[in-house]
Structures are given as structure tokens and as C-alpha cells.
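Now for the letters of each chain:
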Amino acid sequence: MISKYVEEGSTYAGDIDQLILWILVITGFWFMLALGVFIGLIVKYTAKPGVKAKYVSGEDPKEKRWVTWPHYATLLFDVVILIAAVRVWTHVKIEQPPIDETVRVVAQQWAWTFVHAGPDGKLDTDDDIRLVDEMHVEMGKTYGFELSSRDVLHSFSVPVFRLKQDAIPGRIIKGWFKPTLLGQFDIQCTEICGIGHALMPGRIYVEDHDTHQAWLKAASPVAAVGSAPAPATGGTK
Amino acid sequence: MSSTAEAHGHGGGQHAHGHDHAQGDHGHHDQGWFMKYFWSTDHKIICFQYLFTGMFMAVIGGFAVYVFRMQLAFPGMPVPGWGRVTASDYNALITTHGSVMIFWVAMPVLIAALGNYLIPLMIGCDDMVFPRLNRLSYQIFLVSVVILILSFLVQGGAFGGAWTAYPPLSAKSAFNLTPMGSTLWITAVALEFVAFLLGGINFVTTLMNSRAPGMKMFDVPMVVWMIIIASILFMASVGPLVAGAVMLIFDQQIGTAFFDPAKGGDPILWQHLFWFFGHPEVYVVLLPAMGITAEVITVHGRKKLFAYRTVLYTAIATGIISFFVWAHHQFIAGIDPRMANIFTVTTLIISIPVAEMVFVYIATLYGASIRLTTPMLWALGFIGEFLMGGVTGIFLGASGADIYFHDTYFVLAHFHYTFFPIAFIATFAAITHWFPKMFGRMMNEAWGKVHFWVTTISFNMIFIPLFLLGARGDHRRIYDPTHFPELMRAGMQDLRVLATVSLLILISVQVVFVANFIYSIFWGPKADKNPWRANSLEWHAPSPPPHGNFPEGLPNVYRGPYEYAHPDRGEDDHWPQHEPPPEGAKA
Amino acid sequence: MSFPRPVATMREATGMPTGRLAVWWVIASEIVIFGGILGSYIMHRLGHPEWAHQSIHTNTWIGAFNTFVLLTSSLCAVLAHQEAEKKNGPGAARYLMFTTLGGLTFLIVKSIEWTNEIKHGYTITSNTFWSFYYTAAGLHGLHVLAGMVIMLIVAADARKGKELQRVENIGIYWHFVDVVWIFLFPLLYIAK
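Please read these numbers as outputs of a predicted model, since none were measured by experiment. (Residues numbered from 1 in each chain as written. Chains lettered and ligands numbered in written order. Predicted model: local features only at pLDDT ≥ 70, side-chain atom pairs only at ≥ 80, totals over all residues.)

A.B. asks: Before we move on, can you summarise the overall build of chain B with the specific residues and values?
C.D. replies: The secondary structure content of chain B amounts to 16 helices and zero strands. For chain B, the spread of C-alpha atoms along the three principal axes comes to 80 × 50 × 50 Å. Long-range pairs, those at least 24 residues apart, make up 82% of the contacts in chain B between residues at least 6 apart in sequence. (Helix = DSSP H or I, 4+ residues; strand = E, 2+ residues; numbered from the N terminus. Contact = placed C-beta atoms within 7 Å.)

Okay, structure coming up:
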């Protein structure tokens, strides 16, 4: 359902979309049923001259089952949704698959800094590529990210990946994603961070292997070939 | 329950009854206008103070939403009545809208105004147990209103860190750029809490000690129970946030570092303190709205409330469980992800008592004799709209789905589908239902129905588009979406415009209500003392009740409040709580 | 000013006088306020073992003395209640004055202690431990002060033999203030 509006760009985007679809089907069914009963009762029991209301206390178990059975149904379907939700959550946020490469994401008022590992695939070496509001990843590789903030809370969100994680000053929060769709997409800040909150648009470039290699060569500050180095920003910590 | 024949069931009952007339003459001496309407200790006057202040604040909250919705639909265009909306304007307006609507509209109207009006009348006594404390509570509340409004005028403008006020943004003026506004805001919120703590203590003590003789636990009308449970819930949850507010003020003004990670503090601590209060707060305002609905559907459906005790127990269960769900607001806020699983479980558990309460209300309609009066329409509207709010909450409580929906317009639409029915639909049900009692005149039914239908339809036309926007990933608190290509996909701006246009309709139609309200106060047809033929004690008092409430002496109670269409009563389909049983009836 | 009392004030459906019932609710709502700040402090303290280096600079002996002062004043509050039960208004008022005196001693000792600490550079901003120290104890101090003011009012009435039931109510509140200190003392002073 969500994929109709926002592309699925990572391995787990489909899982999340499917979970949402299931919840929609289950709750939608019960919602329509409850609403139907509700409207039906209103129509059927609108006051008619000479007809007195029924005297039902609802304390008798025989009467009460009209409430208790839907109640058990709610419980049952809650459990179904719960299991599905926890499975998806565990896969996305708790499990940590083997990481091919790590990207450091630093949020601040009001920009993103992305520290890429560079051609050697390792962080904190001379060939690290530091970009503002621009992130480059290779399709099909599993990336880990280390998210931090320099001032206030921010939230690192890539909607096509169905990825969202708050950044907290003083902490480094780890997570992962594996892009599956070529193209360039939005990176958004989804936690209010001051007057420039609407001015924190980053872009993520998901590239195939060759394009990515070419970019690495061009952008790395110590690369032998390539044009001008990428725009540098103030160092991270 | 209906056989509660003993008139003096309580230990204190006889004692109280003996004093009724000795004390009945107080308050009849002439008072000046100021003493009567501003310095009064009469619970009904204090209700009106809260009610009218709440209505005034609703105008402020409504103006704020008008300005920022216009900005969202037509980014960068000057808004009539405001001008060009800057980013700091926008942040201040959304913060004001959120905090005003919850703390200065829903709370004072649903809890303070209705609690003040209904508790003494419905339990059959002449006032609150602490009338002067009651007056003080309103005055503190009024001070908080003044401080909040002043925060717009100080240097740097009003606070713009959203109603959740997450530090470090809210804690340092270098980050939020509102050096005075943020402190005034948190001070106003803290004072408002103090006002409601005082009010809550008064409410709870009044119900516990001052019920009419013969009124047992299960003879108390549901709306009174709900306001009491809400007050207790508020008292039990707000304390940590009061402490948090003090800590935040110190962080802002003295330079302590409770929430500053650089100096050994922790910004997440605030989130825990805030949501430990913030989530029960949802139920603090929901429960009174549920109570109002119970009263209105039974009176206008001429039907006994289905399973009274179940409603009461589910309300208590909801209150208790609501203390264990707070971190579902923080799934992706950097808490331990394993903790999220626990809170997913508790969050889905809380859906059970709430759903059951709604089922009970629907079951109450079975076999009823429904009169589709204006208050009934509002009450039924509340059930229908709240159902939508509850169901969409499941998407957000399910942690996996929340990763996508967190902080999108889906969340916003979800909680407006709960808060709007609570703060407005249920309030309109209450006002239209108790208006004859409050002012002694009837409101106009035809205009009332016009108001109901236009409000309800335009409300849905605001928030259904916002659900769709949320599904497309549109996220909250962005003053200008044009900076994000993925927020400007085809059709998204049309949905924003649709929501804004519907909002303009919703706001305009409130004029109908205000006109009807004011006109009816002065020129409406006179109401007799029980125009709806209702059972509860307030309808035994004259309309409007004088100081002291029951000039014929305080009533005794013989049965529960929902004895409608009782088979023993023949053609008469109501059986007032205060009416003594016929001679020789079985006890 | 004379104030007509509504019937509501005189009913006792629970069997407990309304004033006392309300004091218990006040205490209930205060417990969560202090619970919030102490809970936050404990979570921080567990996360920052290095705060032990700060807390050694608190003076346990002064804290212990103040604990003793408060406990004694609570005893006086109990004695005042006993006198009030015997309808001995002036007697109750005298004991309430002793209780107030205890509160005053507590505050004086506290201010000497704080002056000393601030002189040595341990201010509310020097470290989050000290922020908690001053905030929690300061909040408690305000409650002591409020209790003293109310107690003086109650004592003035009690001397004339009026509103004797309030002697017990303020006593309950005073015991609560005392108990809060019993929690603060080990958390802020003894835990080193």
C-alpha cells in the first residue's frame, strides 16, 4: 500500500509495508464491522411513538457476551498484530547483519555531515570522504551507520528505506540498511530541531558498483585521479 | 442497585442532612458584580470562569492553526491577519496550538469546568468541599494564561520547540533562539499543573466525602466517576513532570545541566518525564469525554447504561495501564530497541479496555429509543470518530510500522481523531446537553444540527487527507515542504490545500455555535427544570440552580442514575435518583 | 473574613474528616513530584559512578544533625496533636511553635551549610550532582518553609481554641516533609 506512494528502496522496506498492509486489513475489517453495527443500531432504534426502550442491565453474562466476545476478538487480533510488529521491529532495529561498510552520520543545526569510508572501506583514514547533505551508497551492499548529533535532537530519516532514527547529542546510535533501488532520494530530518528544521534536506545517491567506484575515485581527497576534492566541512569530533 | 432504599445509608449522611437548612441561607446577600463573577466561591461560577477562559483560549489555538495551515497550503504567501509566516513564527504557532489546545482548552473545559459544574450537582450537595481552594485554582490557572500570552510579546518571541519541548532544543537559548519565550512557556505549563492539582484534590475529596445520603459507589453517574479517575490519573502522573519543569527552568536560566549531555546530563530523561505524564494525559482528557457520552446516550436513548460496572472497571484499568505505555512515543528516540518490544505489548494491551468501553456504548444503543437531538448527535459522533482514532493508533503502537509512521502526518491525524472528538465533539455534547441547566434556556436545535453536520464533515475532510499525506511520508513540523522533493510528489500539495480549505470551513461554522450559544443565553426559550426527563440529581435542581443548588433541601438518593424504561414504571420512562420508592415496594 | 461553609464541607461519607482526606491527597501528589526528581537522580547516579568524588564534599554530620532536628520537630507535632485531642488549644499551639522552631533551625543550619559549600566552589552549576543536590534539597526546603507558615497560622487559631482538627492535618504534612528528608539524607549525603 505504501509502495504505491513511496518506492521501496531497502531490503526491509517491503517488510514494513507488508506489516502496515496487514494491520490495515485487520483493523479495517473490524472498524467497518463496528461502524456498521453502530450505524445499524442507530437506524433501527431511532425513537418511534409508543415504543419504550428495552430494560437491559448488561450485567448478566448472557447479555454481556455481546461485549465480551468482540473483546476476546480484539485480544486475539492484538496478539497477531503484536507478533508481526515485533518480528519486523526485531529485524530492522535489533538484529545486526554483517556490515560491509560503515557511514558516519553527524547531524547539527541545520545540516547533515556524512563521513564515507572512502576507497579503502575503513573510517578514520586519510581517504575518508566527508560530504555535507550528500550521501553516496552502493546498491546491494549492507551499510551500518553511526548516528550522532552536535547540538540538539535530530532524526535521520530516509523514507524510501523506511529508515528513521533519532540522533542524540552525546550518544552514537548504530543501525543498518541495505539499499535495493538505484536513484537519488530524500534524507529528511524528522525531529523538530529549531527554526531551520525545514531546511535540512539531504540527498542519498544509490549507485551501481561502477558508478560508485568512479565516485569514490573522484571524491576521495587522496585519490590519484579525479577533479577537485569534495567540499569539506568542519571536522567531526 | 436500584433497590437502594435506605435513605441514610452513610455514616455521615444523617449528620449532613440535619444541617441542610441551617446552612441553606448562605450566599443570598447581595454581592457586587466583581464579587459575584470574579471572586465567587460558587462552583457554578468557577465552572463558567473555566469554560469561558477555555473558549477564549480555543480562539487563540484556532487562530494559530489557521495561520500555519494557510502557510502549509500556500507556502510563502502572506496570510490574511498575520502576514508572511517565518520559520520561527511557524514553530511558535504549532507549539502554541498544541499546548493551548491540550492544557488550556481540553483540560479546563473537560475537567475543570465540567467537573466543577457537575460533581456537586450530580452527587447532590451544595458546593465543593473547598470552595476557596477552588477559586484559588482558577486564579492560578488565569495567571498561567496571562504568562502564556505574554510569552508572545517578549524579545525573541514565543517558544517554538513543539509542545513536547524536547531538550537540548528547549533548554538552551542558543538553540531555540527564544531566551524568554521558552521559560515563560514552561512556567505557564507548570502553573497550570499546580492549578489542576489543587482542583483535582478538591474534586476527589468532594466525591469521596460529600455524596448525597444513600448514594453508593455504583449510584454515582459515570461522568463523575470519569472526571474523578481522570483527576487521580493526573495527580499520579504529573509529579515527575513538575520536577522536570523545575529542572528545565534551571537549565534555561541558571545554567544547570540536567538535560545537557556535554556536562553529564541526559536529554532522554526529559522524554521519559514528559511522556510518563503525556500518555496518561491522553486518558485524563479521554475519560471525561467518555463519561459525557455515557450520560448523553443514556438520557437521549432512554436506555440503561449497558454493564455499568464494566465501564467503571475498564476506565480504572485504562488508567492503570496508561502508566506503562509511555515509551511508545520514543520507539525510535534512541531508547534500547529491546525496550520497544515491551512497550509494544503494553500499548496493544491498552487497546483492549478502551475498545471494550466503546463496545459497551455501542451495546447500550441496542433496544434504545434514540432521540436524535443535538447533544445525542454529538455523543454518537464522538463514538464514531473516536473509533477511527483508536483504530489508527494500532498502526503506531505496532513498533515495526511506527518506524515509518513516526512523526508523520499519520501520527498527527491519528491523535487529532482522538483529541478533536474529546476536546470539541464531546464538549459540544456536554454544552448542548447541560445548557438548559446552566443557563435556564434551551439552545436552538436546528442551528445546533447545522453546526454538528458541518463541523463533523469538515473535520473528517481535514484529517482524512492528512492520513493520506502521512502514508506518503509527509512529516510534521516542517514550515515549508518545498525544500524536500519527496514531500512535493504529485498530489501532495492538493491534499494540503484540501485540508486547509476544510479547516477554514470548520473554523467558520463555529460562528454558528457561538451565535446560537450567546443568543440562547439571553433569548432562548425558557427551560423547565428537567427538559430531557433525565434521572441524575442535577436535573432535580432548578434551572439554573441558585447558590446552594437545591433550595428545597439537599436530595437523598434511592437508586442508580440509569434507570430508564424500567418495567415497573409503566409509561414513565425515567426514574429520578432522588425520588423515594413507592410505599411498600420491596427494598 | 467570614466565610459561609457549604454543607458539602461537613459531610463525611468515607468516615474520614475532609481536611485530613485532602492532606493525604496533597501528600500523594507530592510523593510523585519528589519521586520524579529522586528517581531521575538515582538513574543518573547509577550511570555516573564518578559522582562519588563530588558527594564526598557534602557534610554528613550536618546532614545528620538536621535529620535529628526534623525528627524532634515531628515529635513535637505529635505532642501538639495529643494536646489538640484533649481540646487544649494553647497547649497544642505551644508544641506547634516548638515544631516551627525545629523547622527554623533546620533552615538556618541548611543555609550555613550551603554558604560554606558555595564558598568552596560547589555551586548548582558546577556538576550535575550538585544540581540535583541543590534542586532536591531546595525543593524540600521550600516545603519546610511552607509548612512553617501554615503551622504559624494553625497555631494562632489553636491558641484561641479554634479549628483544632487542623493541628493533626498540619502534623501529617510535617511528617511527610520529614520522611522526604529521610530519603534525601542517605541519597545525597551518605552515599559516597
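A.B. asks: Help me get a handle on the packing of helix H3 (residues 43–73) of chain B against helix H4 (residues 87–122) of chain B, residues and values and all.
C.D. replies: All names here are of chain B. Here H3 crosses H4 at 160°, and the two axes come no closer than 8 Å. It follows that H3 is roughly antiparallel to H4 by the angle criterion. Seen from above, H3 lies across H4 with left-handed handedness. In the contact of H3 with H4, the residues fall into 24 nonpolar, eight polar and one charged. (Axes fitted to C-alpha atoms, helices over the stretch in contact; angles between N-to-C directions. Parallel < 35°, antiparallel > 145°, perpendicular 65-115°, else oblique. Left-handed = near helix turned anticlockwise from the far one by under 90°. Nonpolar A, V, L, I, M, F, W, Y, C, P; charged D, E, K, R; others polar.)

A.B. asks: With reference to specific residues and values, describe the nonpolar core.
C.D. replies: If you look at the biggest cluster of nonpolar residues, it comprises 321 residues, and the most contacted ones within it are Ala106 and Val224 of chain B. When residues of this core are assigned to domains, at least three fall in each of domain 1 (2–94) and domain 2 (101–219) of chain A. With residues near it in sequence (within four places) discarded, Val224 of chain B still touches Leu118, Ile119, Met122, Ile123 and Leu207 of chain B. (Core = buried A, V, L, I, M, F, W, Y, C linked by C-beta atoms within 7 Å. Buried ≥ 20, exposed ≤ 12 C-beta atoms within 10 Å, placed from the backbone. Domains from an automatic or database assignment.)

A.B. asks: Break down the interface of chain B and chain C for me, with residues and values.
C.D. replies: Taken together, the contacts link 49 residues of chain B with 36 residues of chain C. Counting residues per element, the ones that place at least two in the side of chain B that touches chain C are helix H1 (11–23), helix H5 (131–150), helix H7 (181–209), helix H8 (222–253) and helix H9 (267–301) of chain B. In terms of residues, the side of chain B that touches chain C owes the most to one element, H8 of chain B, which gives ten residues. Residues that form the side of chain B that touches chain C fall into these classes: 25 nonpolar, 17 polar and seven charged.

A.B. asks: Let's hear about unusual backbone geometry: which residues, and what values?
C.D. replies: Each neighbour pair has its own omega, and for Gln109 of chain A with Trp110 of chain A the value is -10°, a cis peptide bond. Following Pro167 of chain B, the chain continues to Pro168 of chain B via a peptide bond in cis, the omega torsion being 0°. Here Pro168 of chain B lies in the loop between H5 and helix H6 (173–176). Unusually for a residue other than glycine, Arg477 of chain B sits at a positive phi of about 65°. With respect to the helices, strands and loops of the structure, Arg477 of chain B is situated in the loop between helix H15 (445–471) and helix H16 (492–523). You can call Arg477 of chain B buried: it has 22 C-beta atoms within 10 Å. Even without being a glycine, Lys87 of chain C presents a positive backbone phi close to 60°. Considering the arrangement of structural elements, one finds Lys87 of chain C in the loop between helix H4 (60–85) and helix H5 (89–119).

A.B. asks: So what's going on with the sheet that holds strand S9 (residues 183–189) of chain A? Which residues, and what values?
C.D. replies: Note on sheets: strands pair through backbone hydrogen bonds, and any given pair is parallel or antiparallel. Residues and elements named next belong to chain A. In spatial order, the strands read S4-S10-S9-S6-S7; together these five strands make up an open sheet with mixed pairing. Strands with a single pairing partner mark the edges of an open sheet, and in this sheet they are strand S4 (134–138) and strand S7 (163–167). Neighbour to neighbour, the strand axes of the sheet diverge by 20° on average, direction disregarded. (Pairing = 2+ DSSP bridges.)

A.B. asks: Which residues make up H16 of chain B, and what are the values?
C.D. replies: When the terminal C-alpha atoms of H16 of chain B are compared, their 47 Å separation across 32 residues agrees well with the 46 Å that a helix rising 1.5 Å per residue should span. Listing the buried residues of H16 of chain B in full gives Arg496, Ala499, Thr500, Ser502, Leu503, Leu506, Phe513, Asn516, Phe517 and Ser520 of chain B. (Expected span 1.5 Å × (residues − 1).)

A.B. asks: Which residues make up the sheet that holds strand S2 (residues 111–116) of chain A, and what are the values?
C.D. replies: Residues and elements named next belong to chain A. Reading across from one edge, S3-S2-S1-S5-S8 is the order of the five strands in this open sheet, with mixed pairing throughout. Each edge of the open sheet carries a strand with a single partner, namely strand S3 (129–132) and strand S8 (173–177). With direction set aside, neighbouring strand axes in the sheet form an average angle of 25°.

A.B. asks: Report on the pairing of S7 of chain A, specifying residues and quantitative values.
C.D. replies: Residue and element names in this part refer to chain A. Within S7, five of the five residues are buried, leaving the element largely enclosed by the surrounding structure. Neither face of S7 is exposed, since Leu163, Gln165 and Ala167 on one face and Lys164 and Asp166 on the opposite face are all buried. As judged from the five bridges shared by strand S6 (residues 154–158) and S7, these two strands associate in the antiparallel manner. Along S7, the bridge assignment pairs Ser155 with Asp166. Between the end of S6 and the start of S7, which pair antiparallel, lie four residues, with Arg162 showing a positive phi angle near 55°.

A.B. asks: So what's going on with the interface of chain B and chain A? Which residues, and what values?
C.D. replies: Counting residues at the interface gives 82 residues for chain B and 73 residues for chain A. Mapped by element, the contributors of at least two residues to the side of chain B that touches chain A are H4, H6, H9, helix H10 (308–321), helix H11 (337–365), helix H12 (374–397) and helix H13 (399–405) of chain B. Residue contributions to the side of chain B that touches chain A peak at 16 residues, all from H11 of chain B. For the side of chain B that touches chain A, the class distribution of residues is 48 nonpolar, 21 polar and 13 charged.

A.B. asks: Outline the packing of H8 of chain B against helix H2 (residues 18–47) of chain C, listing residues and values.
C.D. replies: Relative orientation and spacing of two packed helices are given, respectively, by the angle between their axes and the distance between those axes. Contact geometry of H8 of chain B with H2 of chain C gives a least axis separation of 7 Å together with a crossing angle of 45°. When the axes of H8 of chain B and H2 of chain C are compared, the pair comes out oblique. Like other packed secondary-structure pairs, H8 of chain B and H2 of chain C cross with a definite hand, here right-handed. Here Met235, Ala236, Gly239, Pro240, Val242, Ala243 and Gly244 of chain B of H8 of chain B come into contact with H2 of chain C, specifically with Ala28, Ser29, Val32, Ile33, Gly35, Gly36, Ile37 and Gly39 of chain C. Grouping the amino acids of the contact of H8 of chain B with H2 of chain C by side-chain chemistry returns nine nonpolar, six polar and no charged.

A.B. asks: An account of the arrangement of the chains is requested, with residue identities and associated values reported.
C.D. replies: If you rank the two pairs of chains in contact by how many contacts each has, first place goes to chains A and B. Taking C-alpha atoms as the reference, chain A and chain C come no closer than 14 Å and do not contact one another.

A.B. asks: Which residues make up the pairing of strand S5 (residues 143–149) of chain A, and what values go with them?
C.D. replies: Residue and element names in this part refer to chain A. Burial analysis of S5 places five of its seven residues in the buried class, which makes it a mostly covered element. Two elements, strand S1 (residues 101–108) and S5, share seven bridges in a ladder whose sense is parallel. Across the sheet, the residue bridging to Glu101 is Tyr143, located in S5. Across five bridges, S5 lies against S8 in antiparallel orientation. Residue pairing in the sheet places Leu147 in a bridge with Ile173 of S8.

A.B. asks: Any chance you could break down the confidence of the model for chain B for me, citing the residues and the numbers?
C.D. replies: With 94% of its residues at a pLDDT of 70 or more, chain B shows a mean pLDDT of 90. Scored below 50 in pLDDT, residues 1–28 of chain B makes 58 contacts in the model with residues more than four places away or belonging to other chains. (pLDDT = per-residue confidence, 0-100.)

A.B. asks: Summarise the environment of Ile168 of chain A; cite the residues concerned and give the values.
C.D. replies: Mapped onto the fold, Ile168 of chain A is located in the loop between S7 and S8. Residues Ile168 of chain A and Cys189 of chain A lie 21 residues apart in sequence; the distance between their C-alpha atoms is 13 Å. In this structure, Ile168 of chain A is in contact with Ser149, Leu153 and Ile173 of chain A together with Pro267, Ile268 and Gly334 of chain B, ignoring residues within four places of it in sequence.

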